[in-house]
Amino acid sequence: MVKKLLILGIESSCDETGVALVQCEAASGSEQVPALLAHALYSQIAMHQAFGGVVPELASRDHIRRVLPLTQEVLANADCRLADIDVVAYTRGPGLAGALLVGAGVACALGAALGKPVLGVHHLEGHLLSPFLSADPPQFPFVALLVSGGHTQLMRVDGVGRYVLLGESIDDAAGEAFDKSAKLMGLAYPGGPLLARMAQEGNPKAYALPRPLLHSGNLDFSFAGLKTAVLVQSQKMVAAAGASNFEALPRVQQCDLAASTQAAIVEVLVRKSMTALKETGLTRLVVAGGVGANRQLRLQLNEACAKRNIRVHYPELHLCTDNGAMIALAAAMRLQSGCQQGVENYAFDVKPRWPLQTL
Ligand code: KG4
Ligand code: ZN
């Protein structure tokens with residue numbers, strides 16, 4: 001019988017505590033996709049909303065409160081015991097230093113107590129590999145569009161740990177562009193999903209907003225100017241209507257600006273992804289990260305890929321944003337591919353800044 005490994009994954013890089021159990025074949029070189037046995041998530045969004053964004057100190061303290069109860073929950077749901085765990089994986093970076101230290105500290109303490117190895121995982125590698133947990137997992141090689149709250153990158157992915165950066169945002173990330181524009185519109189943090197909901201009722205062509213770096217000739221992105229254009233447009237609308245603020249405008253105008261903002265972000269992401277596919281000659285696209293949950297982005301990527309005979313893969317919707325499953329999965333795939341082994345010295349460190357291509 002093939003020996004199996006049970007991997008506990010802990011994610012605590014930002015404002016979500018995620019814990020999961022993944023099972024994989026122990027044999028290195030095994031091509032079998034690891035199986036997700038259980039996962040549990042606690043989102044701190046409600047706590048941070050009062051402050052309009054994530055408060056790092058509060059995030060760290062809340063991870064401390066949540067991580068062990070969540071661990072007990074996944075063990076119970078998977079019908080496993082603590083002693084069954086073979087490897088403890090945690091998010092080593094990038095992210096908020098204090099928040100990362102909670103996950104790393106708990107993982108190393110568990111590893112030491114159980115006498116089992118620990119493995120530090122790159123958060124973006126977790127996102128990038130998360131579509132392998134979907135019903136239709138991708139195959140290497142592929143182009144990855146990583147669109148999260150902190151990163152916007154196009155990568156060429158030839159295998160686990162084989163990542164070449166093709167282009168990235170030189171300022172704000174796509175998620176930040178959604179969140180900052182949403183904030184200007186008076187929406188609560190994180191505004192991305194709320195802006196997307198309003199955009200459904202609006203006309204995406206109502207206001208002409210810039211498509212930054214669309215014709216830059218490279219695969220880099222820039223979203224900081226878009227946020228300024230949204231601010232200027234909203235101020236014009238408020239002045240023209242003699243309204244007290246953006247929220248006092250007729251709903252149709254608010255929805256039109258939301259739709260126009262979303263259209264600008266989505267168009268740049270789609271066009272640059274298509275250029276990356278053309279330049280690399282690859283025929284598979286993998287989309288990952290929180291913004292990958294955006295419906296309009298998915299619709300337009302599906303359409304553009306269908307025209308070019310490109311297969312496109314997404315994570316399951318509930319695994320688009322931060323979660324423990326992607327961390328346990330990335331650890332499993334790194335072990336199977338021989339890229340990394342767990343360590344037993346428990347001298348953990350975290351890497352708040354950590355470029356993926358340096359893995
Ligand atoms: O990957 P993620 O959970 O966290 C980071 O690693 O940053 O991504 C969170 C980001 C936030 O900016 C959030 O507003 C955005 O993903 N997001 C969305 C949607 N769902 C999440 N943006 C647009 N449309 C959505 N449906
Ligand atoms: Zn993330």
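Just so we're clear, the structure is a prediction, and the values are computed from it rather than from any experiment.

Caption draft 1: Quick look at the overall build of the chain. Summing up its helical and strand segments, the chain has ten helices and ten strands in all. Computed over its C-alpha atoms, the radius of gyration of the chain comes to 21 Å, within 12% of the 21 Å expected for a compact globule of 359 residues. Projected onto its principal axes, the C-alpha positions of the chain cover 70 × 45 × 30 Å. Counting every position in the chain, which comprises 359 residues, the buried fraction comes to 53%.

Caption draft 2: Quick look at the domain arrangement of the chain. According to the domain assignment, the chain consists of domain 1 (4–130 + 320–358) and domain 2 (140–314). Its C-alpha centre places domain 1 at a distance of 28 Å from the equivalent point of domain 2. On the side of domain 2, 23 residues touch domain 1, which itself brings 21 residues to the contact. The contact between domain 1 and domain 2 buries some 1,800 Å² in all, and 72% of this surface belongs to carbon and sulfur atoms.

Caption draft 3: Structural detail: the nonpolar core. Leu145, Leu269, Leu285 and Leu301 are the most contacted members of the largest nonpolar core, which has 50 residues in total. Only strand 6 (142–147), helix 5 (174–184), helix 6 (192–199), helix 7 (224–241), helix 8 (251–280), strand 9 (284–288) and helix 9 (295–307) provide two or more residues apiece to this core. By residue number, the principal contributor to this core is helix 8, which donates 13 residues. Among the nonpolar cores identified, the runner-up in size contains 35 residues, and Leu124, Leu128, Phe132 and Leu356 belong to it.

Caption draft 4: Quick look at the coordination of the zinc ion (ligand 2). Within the protein, the atoms that donate to the zinc ion (ligand 2) are His123 (NE2), His127 (NE2) and Asp322 (OD), at distances of 2.0 to 2.1 Å. Of note is the zinc ion (ligand 2), whose four donor atoms meet at the metal with angles of 93 to 139 degrees in an arrangement that counts as irregular. Coordination of the zinc ion (ligand 2) draws on donor residues from a single chain, spaced H-x3-H-x194-D in sequence. Highlighted residues: His123 and His127, both in helix 4 (residues 123–129), separated by four residues, approximately one helical turn. With relative accessibility at 8%, the residue His123 sits in the buried group.

Caption draft 5: Molecular detail of the environment of Ala259. Tracing the backbone through its elements, the reader meets Ala259 in helix 8. Linking Ala259 and Tyr207, residues 52 residues apart in sequence, is a C-alpha distance of 8.9 Å. The contacts of Ala259, once residues within four sequence positions are left out, are Ala199, Gly202, Asn203 and Pro204.

Caption draft 6: Region of interest: the pairing of strand 5 (residues 118–122). Among the five residues in strand 5, five count as buried, and that is most of the element. Alternating residues of strand 5 divide into Val118, Gly120 and His122 and Leu119 and Val121, and every residue in both groups is buried. Note: strand 4 (residues 87–93) against strand 5, five bridges, orientation parallel. Pairing of Val88 across the sheet is with Val118, part of strand 5. Once you follow strand 4 into helix 3 (residues 97–114) and on to strand 5, the crossover reads as right-handed.

Caption draft 7: Up close: the side chain of Glu25. In this structure, Glu25 sits in strand 2 (residues 16–25). Here Glu25 occupies a buried position and makes no salt bridge, while the nearest side chain of opposite charge, Lys4, is found at 5.0 Å. At 2.7 Å, the side chain of Glu25 forms a polar contact with the side chain of Ser30. Sequence-distant contacts of Glu25, that is, excluding residues within four places in its chain, are made with Val2, Lys3, Lys4, Ser30, Gln32 and Gln336.

Caption draft 8: Up close: the site of ligand 1. Close contacts around ligand 1 come from 19 residues, with His127, Gly149, Asp179, Gly290 and Asn294 the closest. Residue Gly149 places a main-chain N or O atom 2.7 Å away from an oxygen atom belonging to ligand 1. When contributions to the shell around ligand 1 are tallied by element, the ones reaching two or more residues are helix 4, helix 5 and helix 6. The class makeup of the residues in the shell around ligand 1 is six nonpolar, eleven polar and two charged. Counting contributing residues, the shell around ligand 1 receives three or more from each of domain 1 (4–130 + 320–358) and domain 2 (140–314).

Reading the values: rules and limits
Residues numbered from 1 in each chain as written. Chains lettered and ligands numbered in written order. Predicted model: local features only at pLDDT ≥ 70, side-chain atom pairs only at ≥ 80, totals over all residues. Heavy atoms only, no water. Helix = DSSP H or I, 4+ residues; strand = E, 2+ residues; numbered from the N terminus. Rg over C-alpha atoms; globule rule 2.2 N^0.38 Å. Buried < 20%, exposed > 50% of the residue type's maximum accessible area, 1.4 Å probe, protein only. Domains from an automatic or database assignment. Contact = heavy atoms within 4.5 Å. Buried area = accessible area lost by both parts, 1.4 Å probe. Core = buried A, V, L, I, M, F, W, Y, C linked by side-chain atoms within 4.5 Å. Donors = N, O, S within 2.8 Å, 3.2 Å for Na, K, Ca; no water. Tetrahedral: all angles 85-135°; square planar, octahedral: opposite > 155°, others 65-115°. Pairing = 2+ DSSP bridges. Right-handed = clockwise from strand over helix to strand, strands pointing away. Lys, Arg positive; Asp, Glu negative; His and termini not counted. Salt bridge = Lys/Arg side-chain N within 4 Å of Asp/Glu carboxyl O. Polar contact = N/O pair within 3.5 Å; in protein donor to acceptor, adjacent residues only side chain to side chain. Near = heavy atom within 4 Å. Nonpolar A, V, L, I, M, F, W, Y, C, P; charged D, E, K, R; others polar.

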